[in-house]
Amino acid sequence: MDSALETDRLWEDRDVRFDVPLSQMKMRPGERLIDHLDSIEDTKGNNGERGRLMVTNLRIIWHSKTLPRINLSVGFNSVINISTRSAESKLRGSTEALYILTRCNNTRFEFIFTNLVPDTPRLFTSVLAVQRAYETTKMYRDLKLRGALIANKTLRLLPLEEVYDKVNGVWNLSSDQGNLGTFYITNVRLVWHAEINETFNVSIPYIQMRAVKIRDSKFGTALVIESLKNAGGYVLGFRIDPVEKLNEVMKEIHSLYRVYSANPIFGVQYQVEDRLEPLDQVTVQYEEDDIEITDDNASSDAFVAYYADGNKEEDSEPVFCEQLGLAIEGIKEGFTLESLWEVTGI
């Protein structure tokens, strides 16, 4: 019996995206707006442009107020470091700004956000607090092997977690002999641990499951759970006797997965002191432009302004530029001098 799960891949907390369509700026199921600030400048890529910054439990969203199609989506899982330093803003001059260094698909990006409202630390406090809350709740979202999951033969529950079923006599088929253990089926994840060694365990959040199947194996009929590629692409096999009990467990996992998918629990909890406006009042509305797009590559170059060349060891060889009449550092393949001037807004 095969059963692939209908998984809406979680990208919001893991990706860095530029100029996304409206559909990708909307909150996904389980995503919650925590704070928003209406006078934030994207000092690195859109210096002089007043915009709105929204902090959710998964990411930071910024968009221009005049042109909402100019926007950023920065997932908290991509963040390497957050700091505050001085920056030059066209709207506020030299002022304290929020620096966010990220890594996505082996590329580092740097973002600088400036609060145009003077004498308020809210930009810094909200982003830093939510990032800390995100980092301490990864068990809700990440597959974990050999973690500190069990204490005194009992599952260590997460703050928003409830156990729906405990199944004894579950064999993990990862070795030739198999290991006897216990399933904990909760509203957030599936946990297995060995009876003899509690540190031999696995925690599989529903958000990271790709498929749950019943297959024949050399140990007999087995429950097979496949994780998503970004969760390691694991294939985990378990045997439960009798087969009727195995079928019941699979049906229970599927049922809880459907309930979870309708309203995922990501675990990030933070409450700002100021009362927020309702979500529908801060939702971005796009207006259709009566123009024809002629340069298909123009939007894809937007990210160039945010490159963080921290891993750049040396400059490329200088070349003579006839347009400027002087020697310049060689331009990376795929870019032109004109496109770089357009991106930097000079």
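Criteria and thresholds
- Residues numbered from 1 in each chain as written.
- Predicted model: local features only at pLDDT ≥ 70, side-chain atom pairs only at ≥ 80, totals over all residues.
- Heavy atoms only, no water.
- Helix = DSSP H or I, 4+ residues; strand = E, 2+ residues; numbered from the N terminus.
- Buried < 20%, exposed > 50% of the residue type's maximum accessible area, 1.4 Å probe, protein only.
- Polar contact = N/O pair within 3.5 Å; in protein donor to acceptor, adjacent residues only side chain to side chain.
- Contact = heavy atoms within 4.5 Å.
- Core = buried A, V, L, I, M, F, W, Y, C linked by side-chain atoms within 4.5 Å.
- pLDDT = per-residue confidence, 0-100.
- Pairing = 2+ DSSP bridges.
- Phe/Tyr/Trp six-rings, centres within 6.5 Å; stacked < 30°, edge-to-face > 60°.

Trainee: Before we move on, could you go through the side chain of Ser89 and cite the residues and values that matter?
Mentor: Residue position: Ser89 is located in strand 6 (residues 79-89). Judged by relative accessible area, Ser89 falls into the buried class, the value being 5%. At 2.7 Å, the side chain of Ser89 forms a polar contact with the side chain of Glu41. Polar contacts involving the side chain of Ser89 include one to the main-chain amide nitrogen of Arg92, which spans 3.0 Å. What Ser89 contacts, discounting residues up to four positions off in sequence, is Glu41, Thr43, Asn47, Thr95, Thr114 and Leu116.

Trainee: Please provide a residue-by-residue account of the nonpolar core, values included.
Mentor: Counting residues in each nonpolar core, the largest one holds 32 residues, and the members touching the most others are Phe183, Leu223 and Ile253. Those elements giving two or more residues to this core turn out to be strand 12 (163-172), strand 13 (179-186), strand 14 (189-194), strand 15 (201-205), strand 16 (209-217), strand 17 (220-227), strand 18 (235-240) and helix 3 (243-262). Per-element tally for this core: the top contributor is helix 3, with seven residues. Setting aside residues no more than four positions away along its own chain, Ile253 makes contact with Ile185, Leu190, Tyr206, Met209, Val212 and Leu223. By size, the runner-up hydrophobic cluster in this structure holds 30 residues, among which are Val55, Leu72, Phe76 and Ile82.

Trainee: Lay out the confidence of the model for the protein in plain terms, naming residues and giving numbers.
Mentor: Of all residues in the protein, 82% attain a pLDDT of 70 or more, and the chain-wide mean is 85. pLDDT under 50 marks residues 286-300. Its contacts with residues more than four places away, or in other chains, come to nine contacts.

Trainee: Account for the sheet that holds strand 13, naming residues and giving values.
Mentor: With respect to topology, eight strands assemble into an open sheet ordered 9-15-14-13-12-18-17-16, the strand pairing being antiparallel. Looking at strand neighbours, the two that pair on one side only are strand 9 (144-145) and strand 16, the edges of this open sheet. As judged from the seven bridges shared by strand 12 and strand 13, these two strands associate in the antiparallel manner. Bridging across to strand 13, Val170 finds its partner in Gly181.

Trainee: Can you explain the packing of aromatic side chains? Please cite residues and give values.
Mentor: Given two aromatic rings, their pairing is described by the distance between the two centres and the angle made by the two planes. Using the criterion set out here, one finds 10 aromatic pairs in the structure. Aromatic side chains Phe18 and Phe109 sit 5.3 Å apart centroid to centroid with 65° between the ring planes, which places their arrangement in the edge-to-face category. One end of the pair, Phe18, is in strand 1 (residues 16-18); the other, Phe109, is in strand 8 (residues 107-115), with 91 residues separating them in the sequence. Note on Phe109 and Tyr307: the rings are 5.8 Å apart at their centroids and 10° apart in plane angle, and the pair reads as stacked. A residue pair is termed long-range when its members are at least 10 positions apart, and Phe109 in strand 8 and Tyr307 in the loop between helix 4 (279-282) and strand 19 (318-321) qualify at 198 residues. Relative accessible area serves as the criterion here: at 7%, Phe109 is assigned to the buried category.

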